[in-house]
Structures are given as structure tokens and as C-alpha cells.
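# Examination of the molecular architecture
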Amino acid sequence: MTVPANLSSLANLGSLVVGYGNPLRSDDGIGWVIAGRVAADPRFAGIEVLQRHQLTPELALDVSRADLVVLVDARSGPPAGTIAVERVDPAGGTGTTWSHHLGPPNLVALARELYGRAPEVHVIGVGVASLEVGERLSPAVERVVDDVMDVIARLVHRTAAAEPQGVTGSSHA
């Protein structure tokens, strides 16, 4: 995939990218690899980037402050190197499950519950070939790293294009 020329520079757009998984388990480290690449890519200057082993309640504040959140994780089941993008809605129900590990819908619900805000959230899942001990991605997953970066660029650019132009303001409580 090729990034269109108008995506060559993506300023701070209120976006958060969280790459999560275990970087010591081969392809399970794809989230960390992508987060590292986003942090180093000048197109994403000003975008907040986090690397985590798992989604935890502590991330709810970061999520609530963003206009767009992109979560990147490994997925068992789909063919190796398959990229799936899924929009996440807050989990329904009467309350959020408190745990040291949350799924994406629970994290979004927690941000809404605690901070009154649930931004647009997408999960990019990448099918894995290996979860064996190791710090390198399999060739099948390594081949799609640039494609995942392109997906993130399109999500960030689309969100920025949807923002009202010339409108500024703040709210003080």
C-alpha cells in the first residue's frame, strides 16, 4: 500500500496510538513494533504513542483525552499477516468490569464512565504466524508492517479532515 501525498505530514491531531502485546513472544510484539515506528515517523509528529503489555484501567484517562485512538495488537486465528480493522464501541451493560486487563470495548466504556468521554476507537489486529519466545517478527508479519502504518495514517487523516476548521475554544470547569 502507498500513502497518498496529502498524508505526508500529520500534525498533532489529538490522536493516540497504543501498541500492546508481548514483545518477547515473536509476532505478539507487533503492537510494540508499530508503536515504535509511529513514534519515529515524522508524519505522526505530535501524536501520543504508548507501548503496553496489555490494556489496563489506567489507560482510560489517556483514551478519554484523545479524539482518535488506534489500538494495535496481534491476533491468533486469522492467517498470518492478515490485517483486520474494527471500530470499537463502548461495552454495554450496567457497569464496567474492573480488572488488571480490559478488552477494547471495556476500556472505551471505562473512559466514558470515569471521564465522560468515549472517543472514536479502532483496533488493528494482525494475524500471527508465531508466538514462540523471540524478539523478531515472523516474515509474514514483518511484510505487513508498512501496510499497518498506512492504515493508521488513513485513520488519522480521515479524523483530522472531519474536524471543524477554524473553530477553537475551551471549556473551564
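About the cut-offs
- For every chain, the first residue of the written sequence is number 1, and numbering continues from 1 onward in sequence order.
- Where local features are concerned, this predicted model is filtered to residues with pLDDT of at least 70; where side-chain atom pairs are given and counted, the filter is 80 or more; whole-chain, interface and lining totals use all residues.
- The side-chain values count all of the structure's non-hydrogen atoms but skip hydrogen atoms and water molecules.
- Numbered from the N terminus, helices here are DSSP runs of H or I no shorter than four residues, and strands are runs of E no shorter than two.
- Relative accessible area decides the class of each residue, using a 1.4 Å probe on protein chains only: under 20% of the type maximum gives buried, over 50% gives exposed, and in between gives partly exposed.
- All accessible areas in this document rest on Shrake-Rupley with a 1.4 Å probe, and a residue is counted as covered only by the protein chains that are shown.
- Criterion used throughout: strands pair if DSSP finds at least two bridges between them.
- The convention used is that axes are lines fitted to C-alpha atoms, helices contributing only their stretch in contact, and that angles between N-to-C directions extend from 0 to 180 degrees.
- By the convention used here, residues are in contact when the closest approach between their heavy atoms is within 4.5 Å.
- Crossover handedness is defined by viewing with both strands directed away from the observer: a clockwise path from the first strand over the helix to the second marks the crossover as right-handed.
- What pLDDT reports is the predictor's confidence in each residue, on a scale of 0 through 100.
- Put simply, a salt bridge is a Lys or Arg side-chain nitrogen that is within 4 Å of an Asp or Glu carboxyl oxygen.
- Nonpolar core, defined: a set of buried Ala, Val, Leu, Ile, Met, Phe, Trp, Tyr and Cys residues in which side-chain atoms within 4.5 Å join the residues together.
- Distance and chemistry together define a polar contact, namely a pair of N or O atoms within 3.5 Å, with one atom able to donate a hydrogen and the other to accept it when in protein, and with adjacent residues in sequence counting only for side-chain atoms on both sides.

## Concerning the overall build of the protein
Counting its regular elements, the protein contains five helices and five strands. Counting helices and strands in the order they occur from the N terminus, the protein gives β-α-β-α-β-β-α-β-α-α. Of all 173 residues assigned to the protein, the portion counted as buried reaches 45%. Put simply, the protein shows about 9000 Å² of open surface, and 51% of that area lies on carbon and sulfur atoms.

## Points about the sheet that holds strand β4 (residues 83-88)
Pairing in this open sheet of five strands is mixed, and the strands run β2-β1-β3-β5-β4 from one edge to the other. Single-partner strands in this sheet number two, and they are β2 (48-52) and β4. The mean angle between the axes of side-by-side strands here comes to 20°, regardless of whether they run parallel or antiparallel. Sheet analysis places strand β3 (residues 68-75) next to strand β5 (residues 120-127), joined by eight bridges and oriented parallel. Residue Val-69 lies in a different strand from β5, and its bridge partner there is Val-121. Here helix α1 (residues 30-40) sits on the sheet and contacts β1 (15-20), β2, β3 and β5; the angle it forms with β2, its principal contact strand, is near 155°. The strands touched by helix α3 (residues 104-115) are β1, β3, β4 and β5; relative to β4, the strand with the most contacts, the crossing angle is about 30°.

## What about the pairing of β2?
Sheet topology places β1 next to β2; five bridges connect them, and they run parallel. Each bridged residue has a counterpart across the sheet, and for Val-18 the counterpart in β2 is Leu-50. Since β1 and β2 lie parallel, the crossover through α1 that links them has a hand, and here it is right-handed.

## Considerations on the confidence of the model for the protein
Residues with a pLDDT of 70 or more make up 80% of the protein, whose mean pLDDT is 85. Under a pLDDT of 50 for its full length, residues 1-13 has, in the predicted model, 27 contacts with residues more than four places off or in other chains. This model gives residues 165-173 a pLDDT under 50, and the stretch forms one contact once residues within four places in sequence are excluded.

## As for the pattern of salt bridges
Taken as a whole and assessed by the stated rule, the structure comprises four salt bridges. The residue Arg-158 makes a salt bridge to Glu-120 at a minimum N-O spacing of 2.6 Å. Of the two residues, Arg-158 sits in helix α5 (residues 145-162) while Glu-120 sits in strand β5, which places them 38 residues apart along the sequence. The partly exposed category is assigned to Arg-158, whose relative accessible area is 39%. For Glu-120, a relative accessible area of 15% gives the class buried.

## A look at the nonpolar core
Of all hydrophobic cores here, the largest spans 24 residues; its most connected members are Ile-30, Ile-34, Val-70, Ile-124 and Ile-152. Tyr-20, Ala-60, Leu-71 and Leu-110 belong to the second-largest nonpolar core, a separate cluster that totals 19 residues.

## A closer look at the environment of Asn-22
Mapping Asn-22 onto the fold places it in the loop between β1 and α1. Here Asn-22 falls in the partly exposed class, since its relative accessible area comes to 25%. Along the primary structure Asn-22 and Ala-74 are separated by 52 residues, whereas in three dimensions their C-alpha atoms are 9.3 Å apart. Dropping the residues within four chain positions of it, Asn-22 is found in contact with Asp-28, Gly-29 and His-53. Reaching out from Asn-22, the side chain makes a polar contact with the backbone nitrogen of Leu-24 at a distance of 2.8 Å.

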